[in-house]
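# Reading the structure
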Amino acid sequence: MNMTYDYLPGTDIYLHQRKDMFRMNTDTALLGHFMKIKEDERVLDIGTNNGALLLYASLYTKGKLIGVDVQKEACELAQMNLNEHHIKDFEIIHADIKDVVCEPVDVIICNPPYFKVTSDKQLNVSDYKRIARHECYLTLEVLCASANRLLKEKGRFYLVHRSDRLVDICVEMRKNELEIKTLQFIRDCENDMAHGILIEAVKQGNVHCKVMKEKIVSR
């Protein structure tokens, strides 16, 4: 098993990552700095992978951190990373999010699979990366329904996704009582068009959306 020891951008935190699994990327870091978490809030990370977003969340809250992932190896890695940083109040759950039952949380965070599965040719060879990048288990419909089910009233949902899925995201969020409150496009400095999007939504929130200045990423 090939492992690397990498730091979370913008922090002094390091974490273990497997070379054969989905690895923390720019979107992870952007979401980690975009999300707003208050002290003592309970946070759920759907598709936690190696626990990177939970480590970002630990900078803001002393409340319970919960990570869910369908891959056993990812859960073991997240457990190791949170233990290494002496985080006491956390739980890593190996399960499909559809089967998770827990007390409603204040905040849900997610860097989900971006791509619909329309053909087997699209799928990555590695099962680990296939599950992380393609909607094999976690479709947008399942994600938004799960966020609605597991959030407290007025709880917040933070998401990073591809900008070309924005209409799909808006439809599914509105269907599940998740009102988009803040939206920020992500653009590579070498391109004219946005490729990604950061979203803050509130369960049963009022209709009002703020669009922030785009985030330009330098490579």
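Residues numbered from 1 in each chain as written. Predicted model: local features only at pLDDT ≥ 70, side-chain atom pairs only at ≥ 80, totals over all residues. Heavy atoms only, no water.

## A closer look at the overall build of the protein chain
- Scanning the protein chain from N- to C-terminus turns up six helices and eleven strands.
- Long-range pairs, those at least 24 residues apart, make up 66% of the contacts in the protein chain with a sequence separation of at least 6. (Helix = DSSP H or I, 4+ residues; strand = E, 2+ residues; numbered from the N terminus. Contact = heavy atoms within 4.5 Å.)

## Notes on a nonpolar patch on the surface
- Together, Tyr5, Tyr7 and Tyr14 line one region of the surface with nonpolar side chains, adding up to about 330 Å² of accessible area.
- Assessed through its relative accessible area of 45%, Tyr7 is described here as partly exposed. (Patch = residues over 30% accessible without salt bridge, like charges linked within 9 Å, V, L, I, M, F, W, Y side chains within 5 Å. Areas by Shrake-Rupley, 256 points an atom, 1.4 Å probe, with all protein chains shown as cover. Salt bridge = Lys/Arg side-chain N within 4 Å of Asp/Glu carboxyl O. Buried < 20%, exposed > 50% of the residue type's maximum accessible area, 1.4 Å probe, protein only.)

## With respect to the packing of aromatic side chains
- A full pass over the atoms with the stated rule returns three aromatic pairs.
- Judged by centre distance (6.0 Å) and plane angle (45°), the rings of Tyr7 and Tyr14 are tilted.
- By way of ring pairs, the aromatic residues Tyr5, Tyr7 and Tyr14 are connected into one cluster.
- Sitting over the ring of Phe34, Lys36 keeps its end group 5.7 Å from the ring centre. (Phe/Tyr/Trp six-rings, centres within 6.5 Å; stacked < 30°, edge-to-face > 60°. Lys NZ or Arg CZ within 6 Å of the ring centre and 35° of its normal.)

## What to know about the packing of helix H5 (residues 140-150) against helix H6 (residues 166-175)
- Interaxial distance between H5 and H6 falls to 9 Å at its minimum, and their mutual angle equals 35°. The element H5 and its partner H6 pack so that their crossing is right-handed. Residues Leu140, Glu141 and Cys144 of H5 lie in contact with H6, whose contacting residues are Asp168, Ile169, Glu172 and Met173.
- The residue inventory of the contact of H5 with H6, partitioned by class, reads four nonpolar, no polar and three charged. (Axes fitted to C-alpha atoms, helices over the stretch in contact; angles between N-to-C directions. Left-handed = near helix turned anticlockwise from the far one by under 90°. Nonpolar A, V, L, I, M, F, W, Y, C, P; charged D, E, K, R; others polar.)

## Section: the environment of Asp188
- Assignment of secondary structure puts Asp188 in strand S8 (residues 178-188).
- Residue classification places Asp188 among the buried positions, given a relative accessible area of 8%.
- Each C-alpha atom of the pair Asp188 and Lys215 lies 8.5 Å from the other, and the pair is 27 residues apart in sequence.
- Residues within four places of Asp188 in sequence aside, it is in contact with His195, Val217 and Arg219.
- Only 2.9 Å separates the side chain of Asp188 from the backbone nitrogen of Glu190, close enough to count as a polar contact. (Polar contact = N/O pair within 3.5 Å; in protein donor to acceptor, adjacent residues only side chain to side chain.)

## Quick look at the pairing of strand S2 (residues 14-18)
- A large share of S2 lies buried, amounting to four of its five residues.
- When strand S1 (residues 3-7) meets S2, the two strands line up antiparallel, connected through five bridges. Directly across from Asp6, in S2, lies its bridge partner Leu15. (Pairing = 2+ DSSP bridges.)

## Side note on unusual backbone geometry
- Positive phi values are uncommon outside glycine, yet Asp40 reaches one of about 75°.
- With respect to the element layout, Asp40 can be found in the loop between helix H1 (26-34) and strand S3 (43-46).

## Let's talk about helix H3 (residues 72-84)
- In this model, H3 (13 residues) spans 19 Å end to end at C-alpha, consistent with the 18 Å of a helix rising 1.5 Å per residue.
- Those residues of H3 that sit buried are Ala74, Cys75, Leu77, Ala78, Asn81 and Leu82. Down the axis of H3, the buried set is contained in an arc of 160°. They therefore lie on one face.
- Two residues or fewer after H3 comes His86, characterised by a positive phi angle close to 60°. (Expected span 1.5 Å × (residues − 1). Arc of directions from axis to C-beta.)

## A closer look at the environment of Tyr7
- Looking at the secondary structure, you find Tyr7 in strand S1.
- For the pair Tyr7 and Met24, spaced 17 residues apart in sequence, the C-alpha separation works out to 9.6 Å.
- In this structure, Tyr7 is in contact with Ile13, Tyr14 and Met24, ignoring residues within four places of it in sequence.

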